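Structural description and commentary
What follows is each chain in one-letter form.
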Amino acid sequence: MSNDAATGTPALDGPRQEPPAHGLGASLPPADARAKTEGTFPYAADLWAEGLLWAAILRSPHPSARIVSIDTTAAAEMPGVRAVVTHEDVPGDSAYGRRVADRPVFASEVVRHHGEAIAAVAADHPDTARMAAAAIAVEYEILDPVTDPEKAFAAEPLHPDGNLIRHIPLRYGDPGVQGEIVVEGLYRIGRQDPAPIGAEAGLAVPRPDGGVEIYTASTDPHTDRDLAAACFGLDPERVKVVVTGVPGATGDREDPGFQIPLGLLALRTGCPVKLAATREESFLGHAHRHPTLLRYRHHADSEGRLVKVEAQILLDAGAYADDSSESLAAAVAFACGPYVVPHAFIEGWAVRTNNPPSGHVRGEGAMQVCAAYEGQMDKLAATLGLDPAELRLRNVLATGDILPTGQTVTCPAPVAELLQAVRDFPLPALPKDTPEAAWLLPGGPEGAGEPGAVRRGVGYALGMVHMLGAEGADEVSTATVKVHDGVATVICAAVETGQGFSTLARQIVQETLGIEEVHVASVDTDQPPAGPAAHGRHTWVSGGAVERAAKMVRTQLLQPLAHKFGMSTELLQITDGKITSYDGVLSTTVTEAMDGKELWATAQCRPHPTEPLDEAGQGDAFVGLAFCAIRAVVDVDIELGSIRVVEMAVAQDVGRVLNPAQLATRIEAGITQGIGTALTENLRTTRGLVRRPDLTGYALPTSLDAPDIRIVKLVEERDVVAPFGAKPASAAPVVTAPAAVASAVRAATGRPISRLPIRPQAAVAVPGA
């Protein structure tokens, strides 16, 4: 596969085939594409209601402190203020959490991180609300924060549940085995923020029955509803979450810490209340990628074949647990990467600190360990004098091999094929040393670098991610398909976050029923749950539910015709809105066959179950796996340490291409996010205080940072247990790209590169090296 120069979409090698106009395999554009590009798409920040009030949240300026007193008198007496709520005004559960209910709605006795919510205000103007929040007098007794996760083990408990969230000791094979060659490394991964395109926003509207409706860009509305209802002291049926336009998500899009105070204020005032967070509030309020410390020791024989991997992995969960347990399981399980390792001994911990909370960000756990084990593979290759790609090829995983968790890889695992594809792809040409090419230098045309100081490096990385939830998570989704007057409607609570589910649902119905006009209903919690938008689950589970429902409608449509002509429904086919029989006797349109009737069906999809990792880190914890290989080419100014990513060549295990254009976009976006992890993105803290929580202090990659991305090969070896055989597309390049960039910088500079993001001083070549 390669990129089509005109469209940027993957194109098959050899004679070009015309893609279908609709259905699976077509590059169907998103239905909301035009509205988003024209600025007419309705986001949560655009919502309005009659009698609207505005909310503001008071947040702690300290990472660790004891609350001596909270005085809301001055705020409550300000003109225009309608309500002030603190921990004393939470009628239900005082704490919430998607996995562990350990995070208070409002801090009461202590604050555990910078930006923790203390109180919330509703007023008739947003400025009034913010001034009232600032007028709340809070007396703190400032405490020394615990910000070093290694010191959290011996520190005083920061939470009633203690500082240790989870410990996973993985034991696989013989601990006494030693390799002829041993390499060691210490790696650090920074704190990446999901940095959503739009900051958190929402609208809460009280209902006549004493309940509340919350309009927000939730990616898991049923869980958010249940958490909010418990805090409101209401039955879940009296709380409704309506999903508004989601501008995009690389993690849990809307933190409940924004939604729950909003609902409390609406219930207290009896008026609609709107919250539109500032970018600073967004950085302080939601969860980030886990900063991670990793110690590795790789053992190999003289030919470079891995014998044993030993590792210690420490995840900084910040103040609360969130999904740290699940992130740790992925990190430990994938600590050896997509390589055959006969003996593995991994210790993994997730601990609480007074740092900002960590949680779900795309590729959690897997990204951190990928950067470390690929650093080890580069060290091993250098020690043995082997080509880095050749060393990796000698150790790659394949279908039928066993993970260190004891789980057999039953899904397609074409890792060798992926690596060979990127290795053999032609390298980009070297830039000419001319003034016209100055913009190609690291640092750009305004940089201080000299062409003579630029060194080119080529690096490789292999990554793996799991599909769907893990360790016994019940992955189920429900969908309904209705057909009337030649129009189909899909009802499913799978949230469109930019991953393309709404487009996929249309394609599935088009393929199954031959109906071109397909609408996907908006999502709310009156619909059956579909689960969170993560790990490719909506392509698999929700897409599978849509397919089953569509097939049931297809049977309803074809059975009367089959009975009339004395044949089975299997002998009838639907193509381009026409129903025909195998022998040509029957030929009619779908509209004629419907005869004004409305057909509908509801179906569920639930993949095979998984199990938690046991006390030795063993178990069939994952439904399936997806793999990616990337070759990075970088130019580094070895005097200044500035880095330019020239090209990223990617080969990916996708199972089946369902929408070529959409797939290419997802891969390119994932790689760009990974480049941010490698080079620029790090939410910095000083003793727990977040430094410059804005898009000036936090450097996201822009179009100027994006390199040429070459989709070299897409392996379409279908996973037989997955609907359509498809695998998730965006998490694997996010996981793999940072390690590939680091590998290329090592090759260019000869430096070890053990920290992400890569700091300029780490990329300066040592004189005489």
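Residues numbered from 1 in each chain as written. Predicted model: local features only at pLDDT ≥ 70, side-chain atom pairs only at ≥ 80, totals over all residues. Heavy atoms only, no water.

Per-residue pLDDT for the protein chain has a mean of 90; in total, 94% of the residues score no lower than 70. Contacts for the low-pLDDT stretch residues 1-16, under 50 throughout, to residues beyond four places or in other chains number 35 contacts. (pLDDT = per-residue confidence, 0-100. Contact = heavy atoms within 4.5 Å.)

Judged by side-chain charge, Glu611, Asp614, Glu615 and Asp620 come together as a negatively charged surface patch. If you trace the backbone, Glu615 turns up in the loop between strand 27 (599-605) and strand 28 (622-637). Relative accessible area serves as the criterion here: at 68%, Glu615 is assigned to the exposed category. (Patch = residues over 30% accessible without salt bridge, like charges linked within 9 Å, V, L, I, M, F, W, Y side chains within 5 Å. Areas by Shrake-Rupley, 256 points an atom, 1.4 Å probe, with all protein chains shown as cover. Salt bridge = Lys/Arg side-chain N within 4 Å of Asp/Glu carboxyl O. Lys, Arg positive; Asp, Glu negative; His and termini not counted. Charge placed at Lys NZ, Arg CZ, Asp CG, Glu CD. Helix = DSSP H or I, 4+ residues; strand = E, 2+ residues; numbered from the N terminus. Buried < 20%, exposed > 50% of the residue type's maximum accessible area, 1.4 Å probe, protein only.)

Packed helix pairs are specified by the crossing angle of their axes together with the interaxial distance, meaning the distance between the axes. With their axes 9 Å apart at the nearest point, helix 11 (residues 501-513) and helix 12 (residues 537-564) run at an angle of 30° to one another. The orientation of helix 11 relative to helix 12 falls into the category roughly parallel. The hand of the helix 11/helix 12 crossing is right-handed. Every residue of helix 12 that contacts helix 11 at Phe501, Leu504, Ala505, Ile508, Val509, Thr512 and Leu513 is listed here: His538, Thr539, Ser542, Gly543, Val546, Glu547, Ala550, Lys551, Val553 and Arg554. Across the contact of helix 11 with helix 12, the residue classes break down as 9 nonpolar, 5 polar and 3 charged. (Axes fitted to C-alpha atoms, helices over the stretch in contact; angles between N-to-C directions. Parallel < 35°, antiparallel > 145°, perpendicular 65-115°, else oblique. Left-handed = near helix turned anticlockwise from the far one by under 90°. Nonpolar A, V, L, I, M, F, W, Y, C, P; charged D, E, K, R; others polar.)

Moving on, we get to helix 3 (residues 126-135). For helix 3, the set of buried residues is Pro126, Thr128, Ala129, Ala132 and Ala133. In an axial view of helix 3, the angular spread of the buried residues amounts to 160°, which keeps them on one side of the axis. Buried residues belonging to helix 3 abut strand 3 (53-59), helix 2 (73-76), strand 5 (81-85) and strand 9 (117-123). (Arc of directions from axis to C-beta.)

With that out of the way, let us pick up the sheet that holds strand 10 (residues 137-142). Read from one edge to the other, the open sheet built from 3 strands follows the order 8-4-10, with strand pairing classed as antiparallel. At either end of the open sheet lies a strand with only one pairing partner, and these are strand 8 (110-111) and strand 10. With 6 bridges joining them, strand 4 (residues 65-71) and strand 10 adopt antiparallel strand pairing. Looking at the pairing, Ala65 lines up with Ile142 of strand 10. (Pairing = 2+ DSSP bridges.)

On to the sheet that holds strand 21 (residues 477-484), then. Hydrogen bonds along the backbone pair up the strands of a sheet, which may run parallel or antiparallel. Spatial ordering of the open sheet is given by 23-22-21-27, a layout of 4 strands whose pairing is mixed. Two strands bound the open sheet, and with one partner strand each, they are strand 23 (518-520) and strand 27. Sheet twist, expressed as the average angle between the axes of neighbouring strands with direction ignored, equals 20°. Pairing geometry for strand 21 and strand 27, over 7 bridges, is antiparallel. From the neighbouring strand, Ala479 faces strand 27, where its bridge partner is Ala603. Against the sheet, helix 11 makes contact with strand 21, strand 22 (487-492) and strand 23, and its axis sits at roughly 145° relative to strand 23, the strand it touches most. Along the sheet, helix 12 makes contact with strand 21, strand 22 and strand 27, crossing strand 27 at roughly 145°.

Now for unusual backbone geometry. Of the consecutive residues Leu756 and Pro757, the connecting peptide bond is found in the cis state with omega at -5°. Looking at the secondary structure, you find Pro757 in the segment after strand 33 (755-756). At Leu468, a position not held by glycine, the phi torsion is positive, near 65°. The topology assignment puts Leu468 in strand 20 (residues 454-470). Residues other than glycine seldom take positive phi values, yet Ile753 does so here, at roughly 50°.

With that settled, the discussion passes to the state of the cysteines. The final tally for this structure, using the stated rule, is 0 disulfides. No disulfide involves Cys370; its sulfur sits 8.8 Å from that of Cys628, the nearest cysteine. Lacking any disulfide linkage, Cys492 is separated from the closest cysteine sulfur, that of Cys605, by 10 Å. Accessibility expressed as a relative area gives 1% for Cys492, which makes it buried. (Disulfide = S-S within 2.5 Å.)

Quick look at the nonpolar core now. One finds Tyr296 and Val741 to be the most contacted residues of the largest nonpolar core, which totals 105 residues. Among the elements that take part in this core, helix 15 (residues 731-749) stands out by supplying 11 residues, more than any other. Judged by nonpolar contacts, the second largest core, of 53 residues, contains Ala550, Ile579, Leu599 and Ala603. (Core = buried A, V, L, I, M, F, W, Y, C linked by side-chain atoms within 4.5 Å.)

Here the focus is the pattern of salt bridges. Pairing between side chains of opposite charge can happen when their charged atoms approach one another. Enumeration according to the criterion identifies 36 salt bridges in this entry. A salt bridge links Glu184 to Arg297; its shortest N-O distance comes to 3.1 Å. Of this pair, Glu184 sits in strand 12 (residues 181-189) while Arg297 is found in strand 17 (residues 292-300), placing the two residues 113 residues apart along the sequence. On the basis of relative accessible area, Arg297 is assigned to the partly exposed category, the value being 31%. A cluster of three or more residues bridged by salt bridges with shared partners is formed by Glu184, Arg297, Lys308 and Glu310.

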